[in-house]
Amino acid sequence: MSAKADAFVIRRILVAVDAAPTSEAVLATAAQLASAVDAELHGIFVEDINLLRLAGLPFAREMSWSTAVELHLDYQRMERTLRGHAAHAQQAVVNVTAQLKLPSSLQVVRGQIAQELLRAAENVDLVILGKGREAGGTRIGTIARQVLQQTHRSVLLVAREPRHHESVMTLFTGTESHARLVNAAARLALATDRRLLILIPAASPAEFERLRAQSSLSLEPDLTSVSHRRVNAPDACFNQHLIQDEGVG
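Since we're looking at a predicted model, the values are computed, not measured.

Conventions used here
Residues numbered from 1 in each chain as written. Predicted model: local features only at pLDDT ≥ 70, side-chain atom pairs only at ≥ 80, totals over all residues. Heavy atoms only, no water. Core = buried A, V, L, I, M, F, W, Y, C linked by side-chain atoms within 4.5 Å. Buried < 20%, exposed > 50% of the residue type's maximum accessible area, 1.4 Å probe, protein only. Helix = DSSP H or I, 4+ residues; strand = E, 2+ residues; numbered from the N terminus. Contact = heavy atoms within 4.5 Å. Salt bridge = Lys/Arg side-chain N within 4 Å of Asp/Glu carboxyl O.

Enquirer: Where do I start with the nonpolar core in this structure?
Expert: The tendency in soluble globular proteins is for nonpolar side chains to be buried side by side. Judged by nonpolar contacts, the single largest core of 26 residues is most densely connected at Ile 10, Ile 13, Val 15, Leu 27, Leu 41 and Ile 128. Of all elements in the fold, only strand S1 (12-16), helix H1 (23-37), strand S2 (40-48), helix H3 (75-100), strand S6 (126-130) and helix H6 (176-191) reach the threshold of two or more residues within this core. Among the elements that line this core, the one with the most residues is H1, at six residues. Ignoring sequence-local partners within four residues, the contact set of Leu 41 consists of Ile 13, Val 15, Leu 27, Ala 30, Ala 31, Ala 34, Thr 97, Leu 102, Pro 103, Ser 104 and Ser 105.

Enquirer: How should I be thinking about the pattern of salt bridges in this particular structure?
Expert: Where side chains of opposite charge bring their charged atoms close, a pairing between them can arise. Tallying each qualifying case throughout the model produces seven salt bridges. For Arg 119, the salt bridge goes to Glu 116, with nearest N and O atoms at 2.8 Å. Here Glu 116 and Arg 119 lie together in helix H4 (residues 113-121), a separation of three residues that amounts to about one turn. What makes Glu 116 buried here is its relative accessible area of 14%. Salt bridges linked by common partners bring Glu 47, Glu 79, Arg 83 and Arg 110 together as one network.

Everything listed here is a matter of geometry and, on its own, says nothing about what the molecule does.
Structural data, given as structure tokens:
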């Protein structure tokens, strides 16, 4: 199997849109990438069935953080709220894609969020999710983790706080799957006009040179800004200092 024959092509992108204000940053990133690679953008908004079930319980209450007022959770009111969020998501998709003249759509479904995202992911080439945030702000959110663990599609996690990034970083160990990974990263770097950084775990300089030459077979010919870096182990690519020093997004 040649790297070129198995090249990573993005024709359809799925982006998860929710009610959080920071979701618009994720949507904007997805739209910019779709425009750069000439792909269709499909949004999905999931009406969380768990929230509706909770609102239907007679003892469920809602607490306002600003006023400390306790309100009874009402199924109909929760349903109207979710529909309002869906309408806002629809308008956000229209606004961001109209500027780029990008073909797009938004699907509104009701169900378990992770399961609905996984179902929708079967029909696309790339899934874009907000990274989410847990305690301390450094770990991947629960929904994003579930999708990552169960989907067979490529997934791009986007920080909800937009920052300027200079590099796309990937890992190469010489396997066929990593050849596809390098090809995907190269296409993203080329589409977004960023440098590609390839990390190569190698026990010796000779092994590093061999793998560097092998990784070049998966690169796009128009990509001119490429660098390689030898690391001690595959998990070194998750080193926070390395990510910050290289300006990786």
